[in-house]
Amino acid sequence: MGGPSAEREVSLSSGRECAKALRVAGFEVIEIDAGPDLPAQLAAAKPDCVFNALHGRWGEDGCVQGLLEWLRLPYTHSGVLASALAMDKTRSKAAYRAAGLPVVESVLATKAEVGAAHVLPVPYVVKPNNEGSSVGVYIVTEGSNGPPQLSAAMPETVMVETYAPGRELTCSVMEDHALAVTEIITTGWYDYNAKYAEGGSRHVCPADLPEDVFRACQDYAVRAHKALGCRGLSRTDFRWDDSRGVAGIVLLETNTQPGMTPTSLAPEQAAAEGISFPELCRWMVEDASCDR
């Protein structure tokens, strides 16, 4: 839990809640705030299994997965390649396209290029290519005063993608089984504050959707999970233009390590199918492995 990424606080919250749930499920749990001495901490703990509650870079992008493979420690969630692919939005979109899944146009550009001129027709979105939790998202709309001036905290190369209008949907997958679809309702963009601030968003689970749209989201989530080579739990996010039916669904990204508090999206979706939070965490431990 924890770690050095931009999503450290979210990870600490996930880690605390997962530790509680795992103890309820009957496991002996050691909480480790991941830092440069992580190999030594793991060697001292001698775990049977590592429950990876890290989010963002280093913990979700294949880096810590590679360390755990090296140490021969079974761990939860996806392996090295799937984690790296899912964190890199451009490469994951290429995998989606190869699998016949719907995505919007996107390009990689430097901060200087983005600030000098519109690199795609307005409206469009600018975001880091390899961060999660809506960290550093800029939306450029009709009537904007020129291209966006990105903050110094943004990476030198960013992804610019066509803005997808519509409703915010998400669906989690447990190995090859899609859980319920959730609609996320906010007063604006589903950014970091909307995700994690109290009252920032409202979840409708299961979402009130036409049956064909609900099933299509579930199907796309499973296909995205498989296209990236994920294992364990993942969550795929969508935008849906409800004026176009199933054709209005667009995949945004797949999160290989979704937020894991009892009120987070994936646990809520599991709960809608009668799977309690401790049961979900137990399943994740039992599903853990290495050699991926």
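Residues numbered from 1 in each chain as written. Predicted model: local features only at pLDDT ≥ 70, side-chain atom pairs only at ≥ 80, totals over all residues. Heavy atoms only, no water.

### Concerning the nonpolar core
Ranked by internal contacts, the top residues of the largest apolar core, which has 27 residues, are Val181, Leu209, Phe238 and Ile249. At the level of secondary structure, the elements contributing two or more residues to this core comprise helix H4 (80–87), helix H5 (89–98), strand E5 (167–174), strand E6 (177–185), helix H8 (211–228), strand E8 (233–240) and strand E9 (249–255). With nine residues, H8 is the largest single contributor of residues to this core. Excluding anything up to four places from it in sequence, Val181 contacts Leu169, Thr170, Cys171, Val204, Cys205, Pro206, Ala207, Leu209, Phe214, Cys217 and Gln218. (Core = buried A, V, L, I, M, F, W, Y, C linked by side-chain atoms within 4.5 Å. Buried < 20%, exposed > 50% of the residue type's maximum accessible area, 1.4 Å probe, protein only. Helix = DSSP H or I, 4+ residues; strand = E, 2+ residues; numbered from the N terminus. Contact = heavy atoms within 4.5 Å.)

### Overview of unusual backbone geometry
The peptide bond linking Val122 to Pro123 adopts the cis configuration, its omega dihedral lying at 5 degrees. Cis peptide bonds are those with omega within 30 degrees of zero, and the linkage from Cys205 to Pro206 qualifies with 0 degrees. Even without a glycine there, the phi angle at Arg72 is positive, about 60 degrees. Phi angles above zero are rare outside glycine, and His77 is one such case at about 70 degrees. Mapped onto the fold, His77 is located in the loop between helix H3 (63–70) and H4.

### Observations regarding the sheet that holds E9
Two pairing modes exist for strands in a sheet, parallel and antiparallel, and in both the strands are linked by backbone hydrogen bonds. In space, the five strands of this open sheet follow the order E7-E6-E5-E8-E9, with antiparallel pairing throughout. Each edge of the open sheet carries a strand with a single partner, namely strand E7 (202–204) and E9. In this sheet, adjacent strand axes meet at a mean angle of 30 degrees when their direction is disregarded. Where E6 meets E7, three bridges bridge the pair, whose relative direction is antiparallel. Each residue of the ladder has a partner; that of Ile184, found in E7, is His203. (Pairing = 2+ DSSP bridges. Axes fitted to C-alpha atoms, helices over the stretch in contact; angles between N-to-C directions.)

### Describing the layout of surface pockets
Of the pockets and cavities examined, the largest pocket occupies roughly 700 Å³. Every residue lining the largest pocket is counted, 27 residues in all, and those nearest its centre are Ile30, Pro47, Cys49, Val50 and Phe51. Its residues assigned to classes, the lining of the largest pocket shows 21 nonpolar, two polar and four charged. (1 Å grid on protein atoms, 1.4 Å probe; cavity = no way out; pocket = protein on both sides within 12 Å on 5 of 7 lines; lining within 4 Å. Points joined across faces, edges and corners; volume = space filled by probe spheres on them. Nonpolar A, V, L, I, M, F, W, Y, C, P; charged D, E, K, R; others polar.)

### A word on the side chain of Asn255
By the secondary structure assignment, Asn255 is in strand E9. For Asn255, a relative accessible area of 16% corresponds to the buried category. For Asn255, the residues in contact, after removing those within four places along its chain, are Glu60, Ser234 and Arg235.

### Brief notes about the environment of Asp242
Tracing the sequence through the fold places Asp242 in the loop between E8 and E9. Spatially, the C-alpha atoms of Asp242 and Val181 are 15 Å apart, while their sequence positions differ by 61 residues. Of note is the side chain of Asp242, whose polar atom sits 3.4 Å from the side chain of Arg167. (Polar contact = N/O pair within 3.5 Å; in protein donor to acceptor, adjacent residues only side chain to side chain.)

### A few points about the packing of helix H1 (residues 8–24) against helix H10 (residues 277–287)
When two helices pack together, their arrangement is captured by the angle between the axes and the distance separating the axes. One can describe the packing of H1 onto H10 by two numbers: an axis separation of 8 Å at closest approach and a directional angle of 90 degrees. In terms of orientation, H1 lies roughly perpendicular with respect to H10. Across from Glu17, Cys18, Ala21, Leu22 and Val24 in H1, the residues of H10 making contact are Phe277, Pro278, Cys281, Arg282 and Val285. Among the residues making up the contact of H1 with H10, the classes are represented as eight nonpolar, no polar and two charged. (Parallel < 35°, antiparallel > 145°, perpendicular 65-115°, else oblique.)

### Describing the pattern of salt bridges
Summed over the entire model, instances satisfying the criterion amount to 15 salt bridges. A salt bridge links Arg91 to Asp88, with the shortest nitrogen-to-oxygen separation between them at 2.7 Å. Look at Arg91 and you get exposed, because its relative accessible area is 54%. For Glu168, the salt bridge goes to Arg239, with nearest N and O atoms at 2.8 Å. (Salt bridge = Lys/Arg side-chain N within 4 Å of Asp/Glu carboxyl O.)

### Observations concerning the pairing of E9
Burial analysis of E9 places seven of its seven residues in the buried class, which makes it a mostly covered element. In the sheet, E8 pairs with E9 via six bridges, with the strands oriented antiparallel. In the sheet register, Phe238 faces E9, and the bridge partner there is Leu251.

### What to know about helix H9 (residues 265–272)
Those residues of H9 that fall on the buried side of the exposure criterion are Leu265, Ala266, Pro267, Gln269 and Ala270. Next to the buried residues of H9 lie E5, E6, E7, E8 and H10. Of the residues one or two after H9, Gly274 is the one with positive phi, at around 85 degrees.

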